[in-house]
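# Architecture and fold: a report
Each chain, letter by letter, is given below.
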Amino acid sequence: EVSSLVSVAGLSLMVGKFLFGEAVDHWGAYKTNWVFFGATVTGCVLICICGHVTLAMAAVILYAAGLAFMTVGLTIYAKDLLPPEEFSNAVREYQIAMLAGALISSQLVGFLADWSGSYVLFYLLAAVVAVAAAAAVVAVAATPCPTSRVPTWADSAEPITAAP
């Protein structure tokens, strides 16, 4: 059962990235990030309370598909928020931070599971960290920047198009 959940998580992350791109084209980056963020947090919470493999499968699908907002979403969001000359440095720093987070969290999962006897503690922590990260993104996005603007729900009607 565990290997099936891991396989489904990998597949869901790949599908989630595709769906994320399609959603950005239709809703814009701001709304799409919040929808996928919601899927990730909902998946984390469902993983913590599920008692049946079917619910666990649904929870893993939501969690992993939602992670697209972290893997590709922040790059798209940075494109909306940052001036072009700052974009490449910001994406580089973001990728380094993601790698560091992946290295730490991959070890943390096993450590917390061994310590507590369950994976629930890790997924509760993941939900809390995701909410904190979203709050940080909102706070940074609200900081005035002379060359960018804060996206709003109204941006959902403006699909991102390729530069000429």
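Cut-offs used in this document
- Residues numbered from 1 in each chain as written.
- Predicted model: local features only at pLDDT ≥ 70, side-chain atom pairs only at ≥ 80, totals over all residues.
- Heavy atoms only, no water.
- Phe/Tyr/Trp six-rings, centres within 6.5 Å; stacked < 30°, edge-to-face > 60°.
- Helix = DSSP H or I, 4+ residues; strand = E, 2+ residues; numbered from the N terminus.
- Buried < 20%, exposed > 50% of the residue type's maximum accessible area, 1.4 Å probe, protein only.
- Core = buried A, V, L, I, M, F, W, Y, C linked by side-chain atoms within 4.5 Å.
- Contact = heavy atoms within 4.5 Å.
- Expected span 1.5 Å × (residues − 1).
- Axes fitted to C-alpha atoms, helices over the stretch in contact; angles between N-to-C directions.
- Left-handed = near helix turned anticlockwise from the far one by under 90°.
- Nonpolar A, V, L, I, M, F, W, Y, C, P; charged D, E, K, R; others polar.
- Disulfide = S-S within 2.5 Å.

Turning to the packing of aromatic side chains, a few remarks are in order. When we look at a pair of aromatic rings, we describe it by the centre distance and by the angle of the planes. Tallying each qualifying case throughout the model produces 5 aromatic pairs. A ring pair is formed by tryptophan 34 and phenylalanine 37, whose centres lie 5.4 Å apart and whose planes are at 90°; its orientation type is edge-to-face. Pair noted here: tryptophan 34 and phenylalanine 37 are both in helix α2 (residues 29-49), with a separation of 3 residues, about one helical turn. For tryptophan 34, a relative accessible area of 27% translates into the label partly exposed. Aromatic side chains tyrosine 63 and tyrosine 123 sit 5.5 Å apart centroid to centroid with 85° between the ring planes, which places their arrangement in the edge-to-face category. Separated by 60 residues along the polypeptide, tyrosine 63 in helix α3 (residues 53-66) and tyrosine 123 in helix α6 (residues 120-142) bring together distant segments of the chain. This pair shows no difference in class: tyrosine 63 is buried, exactly as tyrosine 123 is. One aromatic cluster in this structure is built from Trp34, Phe37 and Phe69.

It is worth spelling out the nonpolar core at this point. Within the largest apolar cluster, 25 residues are counted, with the highest numbers of intra-cluster contacts made by Tyr63, Phe122 and Tyr123. Of all elements in the fold, only α1 (2-27), α2, α3, α4 (68-81), α5 (84-116) and α6 reach the threshold of two or more residues within this core. Leave out the neighbours within four places in its chain, and phenylalanine 122 touches Tyr63, Ser105, Val109 and Leu112.

A separate point is α1. Look at α1: 35 Å from first C-alpha to last across 26 residues, which is about the 38 Å you get at 1.5 Å a residue. For α1, the set of buried residues is Leu5, Ser12, Gly16, Phe20, Ala23 and Val24. The inward-facing, buried residues of α1 contact α2, α3 and α4.

Considering the arrangement of structural elements, one finds threonine 32 in helix α2. Those residues in contact with threonine 32, other than ones at most four positions away along the chain, are Phe20, Ala23, Val24 and Trp27.

Attention now goes to the packing of α1 against α3. For the pair α1 and α3, interaxial distance at closest approach is 7 Å and the crossing angle is 35°. Pair α1 / α3 crosses with right-handed handedness. Contact residues: α1 offers Ser4, Leu5, Val8, Ala9, Ser12, Leu13 and Gly16, while α3 offers Ala56, Met57, Val60, Ile61, Ala64 and Ala65. Its residues assigned to classes, the contact of α1 with α3 shows 10 nonpolar, 3 polar and no charged.

The next subject is the state of the cysteines. Overall, the coordinates contain 0 disulfides when judged by the stated rule. With no disulfide partner, cysteine 48 has as its closest neighbouring cysteine sulfur the one in cysteine 44, 6.8 Å distant. Between cysteine 50, a free cysteine, and cysteine 48, which holds the nearest cysteine sulfur, the sulfur-to-sulfur gap is 8.3 Å.

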